[in-house]
Amino acid sequence: MSILARRNPNFAAWQTETAQTICDGGPFVPRGGSTSMLGLAQGAALPAHSEAWDYDPAALTLTVAAGVSLAQVDEILRQEKQRLAFEPPAFGALLGRTGVPTIGGVIAGNLSGPRRVGVGACRDFCLGVGIIDGRGRIIKNGGRVMKNVTGLDLVKLMAGSHGALGLITDVSLKVQPIPQVSATLVIAGLTDPQAVAALSKALGTPFDVTGAAHLRGAQDGTPARTLVRLEGFESSVAYRMSALQVALAEFGDNVVEWDETANRDIWGNIKDVARFHSVSGDVWRVAVKPSDAPALVEAVQPLDAIYDWGGGRVWMLTQEGTNPRSHIGAGHATLVRASDETKRAIGVFHPEHTIVAKLSDGLRQKFDPDQKFNRGMMR
């Protein structure tokens, strides 16, 4: 039986009123807590509804209104010893914003933390979505069960759309039990190429790695740390960690961090890119093949870099105005934090291939022909 059951009887009325507002006006900027918006979108704020209403712990499914805070979602799930498996980050502190992150913003940005390397991205845990498109149509797709055969998987399309196709009103998500134990293997002092090699080897083992990151040495003398996380039942993690230590012995001495609080802090800081908080410089999020990452970082010469997803995602802190895109072959780079002038000059999102751009324009024409949402956001 759901522990939260339709707490918001006014939700349908709110949908109807909001749909009429969209029909009558524009442009609009869908906003939750305004903590993860990247572009220079123009328009009136269009807030999302902010109550949760259906959670079934036995079925491992949660349906929430888009305006529900990420902290509230975490607390609801924690009461039943469950969690969002994709480990959504909170970028407010990174971007210097004081709002409260919402689940709608997480879905709109397809925001996924370090655990993505082991379990999948945000969109992989989305079962259904409700939206209001640019014509004021209220659309519902998918549902609250693990198997849905509903034609176009609209929720996958909305995840990562950055609010450019419509206002997300609610979303249904798969959730996951919190594991009994989390432990992190730590190797100190590796160079970037050595670290990526170690992470690649760890990810190639059958030990179900759920975190693979590398932090370069800090200016305060802290040595570089290469981190590999395992989670699960205590006996299973102990066995797998012992085998992983043997598998990575060629990269030097390693130690295992078993403390729950320490592990939460390690991966929480990586998830939220805490190392770049309150540090001057532009912040880039780069996706490349892990084997290409060290050479890219060497070419760009950033002030600092964090390797996540085994090197497949690299966070770079650069001098203002630096553009790493000219050094990227296969991959893409998103300008996450910079001045408005830099964003206008360089562009927030990586230039799309002509075929992808045509598909994107076609989708916007179908969902938002008058470009009422996040005008100019995706360019």
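Residues numbered from 1 in each chain as written. Predicted model: local features only at pLDDT ≥ 70, side-chain atom pairs only at ≥ 80, totals over all residues. Heavy atoms only, no water.

Some words on the overall build of the chain
When helices and strands are tallied, the chain shows twelve helices and 18 strands. A compact globule built from 379 residues would reach a C-alpha radius of gyration of about 21 Å, and the chain, at 21 Å, matches this within 12%. For the chain, the spread of C-alpha atoms along the three principal axes comes to 65 × 50 × 35 Å. Within the span of the chain, comprising 379 residues, buried residues form 51% of the whole. Restricting the contact set of the chain to residue pairs at least 6 apart, pairs at least 24 apart contribute 70%. Total accessible area on the chain stands at roughly 16800 Å², and carbon and sulfur atoms take up 52% of it. Averaging the positions of the 38 positive and the 37 negative side-chain charges in the chain gives two centres separated by 6 Å. (Helix = DSSP H or I, 4+ residues; strand = E, 2+ residues; numbered from the N terminus. Rg over C-alpha atoms; globule rule 2.2 N^0.38 Å. Buried < 20%, exposed > 50% of the residue type's maximum accessible area, 1.4 Å probe, protein only. Contact = heavy atoms within 4.5 Å. Areas by Shrake-Rupley, 256 points an atom, 1.4 Å probe, with all protein chains shown as cover. Lys, Arg positive; Asp, Glu negative; His and termini not counted. Charge placed at Lys NZ, Arg CZ, Asp CG, Glu CD.)

Let's talk about the pattern of salt bridges
Pairing is possible between side chains that carry opposite charge, provided their charged atoms lie close to one another. If you walk through the whole model with that rule in mind, you get 16 salt bridges. Residues Arg 78 and Glu 75 are paired through a salt bridge, measuring 2.8 Å at the closest nitrogen-oxygen approach. With Arg 78 and Glu 75 both in helix H2 (residues 70-78) and three residues apart, this pair spans about one turn of that helix. According to the relative accessible area criterion, Arg 78 is partly exposed, its value standing at 46%. One salt bridge in this structure joins Asp 192 and Arg 216, with 2.9 Å as the shortest N-O distance. (Salt bridge = Lys/Arg side-chain N within 4 Å of Asp/Glu carboxyl O.)

Comments concerning the state of the cysteines
Using the criterion set out here, one finds zero disulfides in the structure. You can see Cys 122 has no disulfide; the closest cysteine sulfur is in Cys 126, sitting 4.3 Å from it. On the basis of relative accessible area, Cys 122 is assigned to the buried category, the value being 0%. (Disulfide = S-S within 2.5 Å.)

A short note on the nonpolar core
Formed by 64 residues in total, the largest nonpolar core has its most connected members in Leu 84, Ile 103 and Trp 315. Those residues in contact with Trp 315 that sit more than four places away from it in its chain are Phe 91, Leu 94, Val 273, Phe 276, Val 283, Trp 284, Arg 285, Asp 304, Ala 305, Ile 306 and Val 336. Grouped together as the second largest cluster of nonpolar side chains are 19 residues, Leu 185, Ala 195, Ala 198 and Val 237 included. (Core = buried A, V, L, I, M, F, W, Y, C linked by side-chain atoms within 4.5 Å.)

Quick look at the environment of His 214
Note on placement: His 214 falls in strand S12 (residues 209-215). Between the C-alpha atoms of His 214 and Ser 242, which are 28 residues apart in sequence, the distance is 20 Å. Excluding residues within four positions of it along the chain, His 214 makes contact with Leu 190, Thr 191, Asp 192, Ala 195, Leu 199, Ala 224, Arg 225, Thr 226, Ile 306 and Tyr 307. At 3.0 Å, the side chain of His 214 and the side chain of Thr 226 are in polar contact. (Polar contact = N/O pair within 3.5 Å; in protein donor to acceptor, adjacent residues only side chain to side chain.)

Some remarks on the sheet that holds strand S11 (residues 181-188)
With respect to topology, eight strands assemble into an open sheet ordered S14-S11-S13-S12-S16-S17-S15-S18, the strand pairing being antiparallel. This sheet does not close on itself; its edge strands, each paired only once, are strand S14 (254-257) and strand S18 (331-337). Across the sheet, the mean angle separating the axes of adjacent strands is 20° when strand polarity is ignored. In the packing of helix H9 (residues 260-271) onto the sheet, contacts are made with S11, S12, strand S13 (225-232), S14 and strand S16 (304-308), and the angle to S13 comes to roughly 120°. The strands touched by helix H10 (residues 293-300) within the sheet are strand S15 (282-288), S16 and strand S17 (313-318), with S17 carrying the most contacts at an inclination of about 10°. (Pairing = 2+ DSSP bridges. Axes fitted to C-alpha atoms, helices over the stretch in contact; angles between N-to-C directions.)

Description of the pairing of S17
By the criterion of burial, S17 is predominantly enclosed, with six of the six residues buried. The alternating pattern of S17 places Arg 313, Trp 315 and Leu 317 on one face and Val 314, Met 316 and Thr 318 on the opposite face, and all of these are buried. The sheet contact formed by S15 and S17 spans six bridges and is antiparallel. Bridged to Trp 284 within S17 is Met 316.

So, unusual backbone geometry
Following Gly 26, the chain continues to Pro 27 via a peptide bond in cis, the omega torsion being 0°. By the secondary structure assignment, Pro 27 is in the loop between helix H1 (11-24) and strand S2 (28-31). Even without being glycine, Lys 81 reaches a positive phi, approximately 55°. Overall, the relative accessible area of 65% leaves Lys 81 in the exposed class. The phi angle at Glu 87 is positive, at roughly 55°, despite the residue not being glycine. Take Glu 87: it is sitting in the loop between strand S6 (82-83) and helix H3 (92-95).

Brief notes about the side chain of Thr 205
Its place among the elements puts Thr 205 in the loop between helix H7 (192-203) and S12. Reaching out from Thr 205, the side chain makes a polar contact with the backbone oxygen of Ala 202 at a distance of 2.6 Å.

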